[in-house]
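What follows is each chain in one-letter form.
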Amino acid sequence: MNDSPYRRPPPGFAVVALLLALILAGCGSTGRAGQAPSVAIKGLFPPFDPAKARYVSRCGRGAAPIEADAGKGASIEVGSAPSQRGRTQIHPDARPGENFPITVFRGEHREAYRVRCLPADFPDWHFEALQPVPPGLFTVAFQASKGVRPWVIVFDQEGVPRWWYNPTPRALWAQVLRNGSLAWARSFGDGYGLDPRMAHEVRSPSGRLLRLVKTRGTIVDGHEFRELANGNVLLDAYTPETADLRRFGGPAKAAIVSAEIQELDPHGRVLWRWNSGGHIGLGETGRWWYYVLRNSRRRLQGLAAYDPVHINSIEPRGHGEVVISTRHTDAVYGIRRSSGEIAWKLGGTPTADSLRIIGDPASKLLGGQHDARIARDGSLSVYDNGKDRPRRSRVVFYRLDLKRREAVYRGQLNDRGVRTSHCCGSARQLPNGGWLVSWGDNPLVTEFDPQGKVAFRLRLPAPTFRAVPVPSGATSIAGLDHGLEQLESRQQGVR
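Owing to the predicted nature of the structure, the values given are computational and were not obtained by experimental measurement.

Focus on the nonpolar core
One finds Val-140 and Trp-163 to be the most contacted residues of the largest nonpolar core, which totals 41 residues. Secondary structure elements with two or more residues in this core: β11 (126–129), β12 (137–142), β13 (151–156), β14 (161–165), β15 (171–176), β16 (182–186), β37 (454–459) and α2 (477–494). If we ignore the near neighbours within four places in the chain, the residues touching Trp-163 are Val-152, Ile-153, Val-154, Leu-182, Trp-184, Ser-204, Pro-205, Leu-480, Gly-483 and Leu-484.

Okay, structure coming up:
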């Protein structure tokens, strides 16, 4: 277990050296075996390891130099500069956003490594490793503050940024798709489906726009882009209607938005759709009416519209059911695809569809929850914000027994650094059975091992709506690096 965290250093930092054996073999060629001189290189991320060929580092004015000790019998060459022996500081002739090689020689034997310089304004981050984790990648998106560029970043399991992009407009959240392309939801700060420019962008790793994905007949919302195994996607939208809200303290003829789901094929054709109108009653908004009536949004017609449901995730459950989370009802629903009827309800105001909860220690079940997902064993996971509940935010797990109309509590995950979460957040299962969690409006991502112990914490300069694992086999560090090289070449060509 590694109890010592490493950090992305600010200017003027001191980096702990890692003394590693550089394994050299093969006459006149690179190799990974044979007698090795001792080589230490400080200032690379991840920490230098002779088995790893690709690194990132701060470069340019104000960045701390990379320090190297070639060890006895070896020399180090940086870019086209002459090779040097012994201890040296590396000041590469590379600007932020470029890359350069480091080559280690011992006689005719050599080992080549590649270092990519982070952009000059790349945001700070802090990675704390608590135990080893399997290799993997995950995606986050955020904007640290107004006036700075937004970021989409793919990190590896050692907290090293491996790909990045500055979207315009900013991204609400982002993910890598199964084919290695990247998708993110445009964000205009409108709250829900009001801006006709709204879309999900799909881009190649080189940054090329491949397509825009939108719902049909209504403005797409950015909360969900759920890729299905057959290549289709599930999207959400908000559709306007009118309602009498006097019994909840609102106007007699109010504009409201109901939640809509659309399944689109790769050509944009709607194969299935569902709307909450007629299925989720206005009374189910319950305690949220106080908030909803005080947070209307102006729609295109200039009318104030209220959002009594607020869908924030869509998840298939087998072939015949879709599971949704709706924040403004404190509830998760199972929807029958065949009829559109509610099959079951978890949390919120009790209805005839509500499941009986077995074993959950929470006195108030869900609170403004997000990201309801079905795990590989069929259990339900929910990122439960605990909004206005007398407890910590959590990821909670249930076994669904629909024959008995029960949801059996199976446990929860908490992070000691998180007490409350007003908004957002996600929980995604990893290939090893662990979980990757974004804690909503807390700028923290945590990975838990299969036993529920914290494996690492990634602290960002701003919250990320979701942290999404990259699907196995979708891409690699080398593939992302190649995409970045193409992206940077295109940007330099534009300049």
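Details of the pairing of strand β22 (residues 270–275)
Residues in a regular strand project their side chains so that they alternate between the two faces of the sheet. Here strand β21 (residues 254–264) pairs with β22 via five bridges, running antiparallel. Bridge pairing in β22 places Leu-264 opposite Val-270. In this structure, the hairpin formed by β21 and β22 is closed by a connection of five residues, where Gly-268 is found at a positive phi of approximately 85°.

Re the sheet that holds strand β33 (residues 406–413)
The mixed open sheet is built from five strands, whose spatial order is β29-β33-β32-β31-β30. Each having just a single partner strand, β29 (356–358) and β30 (370–374) make up the two edges of the open sheet. Across the sheet, the axes of successive neighbouring strands diverge by a mean angle of 30°, strand direction being ignored.

Thoughts on the state of the cysteines
Linking two cysteines covalently via their sulfur atoms produces the bond known as a disulfide. Taken as a whole and assessed by the stated rule, the structure comprises two disulfides. Across the disulfide from Cys-423 sits Cys-424; the S-S distance is 2.2 Å. Taking the sign of the S-S torsion, about 60° here, the bridge from Cys-423 to Cys-424 comes out right-handed. Overall, the relative accessible area of 23% leaves Cys-423 in the partly exposed class. Taking relative accessible area as the criterion, Cys-424 reaches 15% and is therefore assigned buried. Here the disulfide map of the chain reads 1-2, 3-4, the bonded cysteines being numbered as they appear in the sequence.

Looking at the side chain of Ser-438
Structurally, the position occupied by Ser-438 is in strand β35 (residues 435–438). Excluding its chain neighbours within four sequence positions, the residues that come into contact with Ser-438 are Tyr-383, Gly-425, Ser-426, Leu-444, Val-445, Thr-464, Phe-465, Arg-466 and Ala-467.

Notes on the layout of surface pockets
Remark: the empty space left among the atoms is shown by a probe the size of a water molecule rolled over them. Of the volumes computed, that of the largest pocket is approximately 1,400 Å³. Arg-178, Arg-226, Gln-429, Pro-469 and Pro-471 are, among the 45 residues lining the largest pocket, the residues nearest its centre. Of all the secondary-structure elements, those providing two or more residues to the lining of the largest pocket are β12, β15, β19 (220–227), β25 (311–317), β30, β34 (426–429), β35 and β38 (468–469). Residues that form the lining of the largest pocket fall into these classes: 21 nonpolar, 12 polar and 12 charged.

Thoughts on the pairing of strand β27 (residues 331–336)
β27 sits mainly inside the fold: five of its six residues count as buried. Sheet topology places strand β26 (residues 321–326) next to β27; six bridges connect them, and they run antiparallel. Note that in β27 the partner of Ser-325 across the bridge is Val-332. In this structure, the hairpin formed by β26 and β27 is closed by a connection of four residues, where Asp-330 is found at a positive phi of approximately 55°. As paired elements, β27 and strand β28 (residues 342–347) share five bridges and run antiparallel to each other. In the sheet register, Gly-334 faces β28, and the bridge partner there is Trp-344.

Considerations on empty space enclosed by the protein
Scanning the model with the defined rule gives one cavity of 30 Å³ or more in all. Each pocket or cavity is described by its volume, and for the largest cavity that value is around 50 Å³. Lining the largest cavity, in full, are Arg-54, Tyr-55, Val-56, Arg-116, Arg-162, Ile-477 and Asp-481. The dominant element in the lining of the largest cavity, judged by the number of residues it contributes, is strand β4 (residues 54–57), at three residues. The residue makeup of the lining of the largest cavity, split by class, is three nonpolar, no polar and four charged.

Let's talk about the pattern of salt bridges
Applying the stated rule across the entire model yields 42 salt bridges. In this structure, the salt-bridge partner of Arg-466 is Asp-371, at a minimum N-O distance of 3.5 Å. On the criterion of sequence distance, the pair formed by Arg-466 in the loop between β37 and β38 and Asp-371 in strand β30 is long-range, its members being 95 residues apart. Using a relative accessible area of 0% as the deciding quantity, one classes Arg-466 as buried. For Asp-371, a relative accessible area of 0% translates into the label buried. The salt bridge involving Arg-394 is made with Asp-384; its shortest N-O contact spans 3.0 Å. Separated by 10 residues along the polypeptide, Arg-394 in strand β32 (residues 394–401) and Asp-384 in strand β31 (residues 380–384) bring together distant segments of the chain. Taken together, the salt bridges that share partners define one network made up of Glu-224, Arg-226, Glu-315, Asp-371, Arg-373, Arg-428 and Arg-466.

Criteria and cut-off values
- Residues numbered from 1 in each chain as written.
- Predicted model: local features only at pLDDT ≥ 70, side-chain atom pairs only at ≥ 80, totals over all residues.
- Heavy atoms only, no water.
- Core = buried A, V, L, I, M, F, W, Y, C linked by side-chain atoms within 4.5 Å.
- Buried < 20%, exposed > 50% of the residue type's maximum accessible area, 1.4 Å probe, protein only.
- Helix = DSSP H or I, 4+ residues; strand = E, 2+ residues; numbered from the N terminus.
- Contact = heavy atoms within 4.5 Å.
- Pairing = 2+ DSSP bridges.
- Axes fitted to C-alpha atoms, helices over the stretch in contact; angles between N-to-C directions.
- Disulfide = S-S within 2.5 Å.
- 1 Å grid on protein atoms, 1.4 Å probe; cavity = no way out; pocket = protein on both sides within 12 Å on 5 of 7 lines; lining within 4 Å.
- Points joined across faces, edges and corners; volume = space filled by probe spheres on them.
- Nonpolar A, V, L, I, M, F, W, Y, C, P; charged D, E, K, R; others polar.
- Salt bridge = Lys/Arg side-chain N within 4 Å of Asp/Glu carboxyl O.

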